[in-house]
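# Chain and residue survey
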Amino acid sequence: QVQLVESGGGLVQAGGSLRLSCAASGSIGSINVMGWHRQAPGKQRELVAIITKGGRTNYADSVSGRFTISRDNAKNTVDLQMNSLKPEDSCVYYCNAVGRFLYRDYVSWGQGTQVTVSS
């Protein structure tokens, strides 16, 4: 089983920045894709950004150019640098990992961290 622990959420004014971090532990094996998703109350969870083991990235249109995802394969961590934050970025942000351990694929999620952007 893989555990993901997020940190770095909080309250920030519009235009400000936050950095989210996520660390994986447990029966990790090889993590192919790590990412961040977010969910606002009453809405479906949506992809924010993902990064492959080789460093390829993909971003939601709503955050492209403002957010940057990065990972450290040796430490099994993934970060999300969020700049020029907007009130509509206020959500619970979830870390996600897709990998394989002992020939079994897995998808793991963190517990989430709240980001609140005030106008």
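Anyway, here's the lowdown on the structure attached to this text.

Reading the values: the criteria
- Residues numbered from 1 in each chain as written.
- Predicted model: local features only at pLDDT ≥ 70, side-chain atom pairs only at ≥ 80, totals over all residues.
- Heavy atoms only, no water.
- Helix = DSSP H or I, 4+ residues; strand = E, 2+ residues; numbered from the N terminus.
- Rg over C-alpha atoms; globule rule 2.2 N^0.38 Å.
- Buried < 20%, exposed > 50% of the residue type's maximum accessible area, 1.4 Å probe, protein only.
- Contact = heavy atoms within 4.5 Å.
- Areas by Shrake-Rupley, 256 points an atom, 1.4 Å probe, with all protein chains shown as cover.
- Lys, Arg positive; Asp, Glu negative; His and termini not counted.
- Charge placed at Lys NZ, Arg CZ, Asp CG, Glu CD.
- Polar contact = N/O pair within 3.5 Å; in protein donor to acceptor, adjacent residues only side chain to side chain.

### Focus on the overall build of the chain
Per the secondary structure count, the chain includes zero helices and 11 strands. Sequence-ordered secondary structure for the chain, helices as α and strands as β, is β-β-β-β-β-β-β-β-β-β-β. The C-alpha radius of gyration of the chain comes to 14 Å, within 12% of the 14 Å expected for a compact globule of 119 residues. Dimensions along the principal axes, computed over C-alpha positions, put the chain at roughly 50 × 25 × 20 Å. Per-residue burial over the chain gives 39% buried out of 119 residues. In the chain, the share of contacts with a sequence separation of at least 24, taken over all contacts with a separation of at least 6, comes to 54%. Carbon and sulfur atoms provide 48% of the accessible area of the chain, an area that totals close to 6,500 Å². The averaged location of the 8 negative side-chain charges in the chain is 5 Å from the averaged location of its 12 positive side-chain charges.

### Looking at the side chain of Arg 38
Along the polypeptide, Arg 38 turns up in strand E4 (residues 30–39). Only 3.4 Å separates the side chain of Arg 38 from the side chain of Ser 62, close enough to count as a polar contact. In this structure the side chain of Arg 38 is engaged in a polar contact, spanning 3.0 Å, whose partner is the side chain of Asp 89. When neighbours within four sequence positions are excluded, Arg 38 is seen to be in contact with Gln 44, Arg 45, Glu 46, Val 48, Ser 62, Val 63, Phe 67, Asp 89, Cys 91, Val 92 and Tyr 93.

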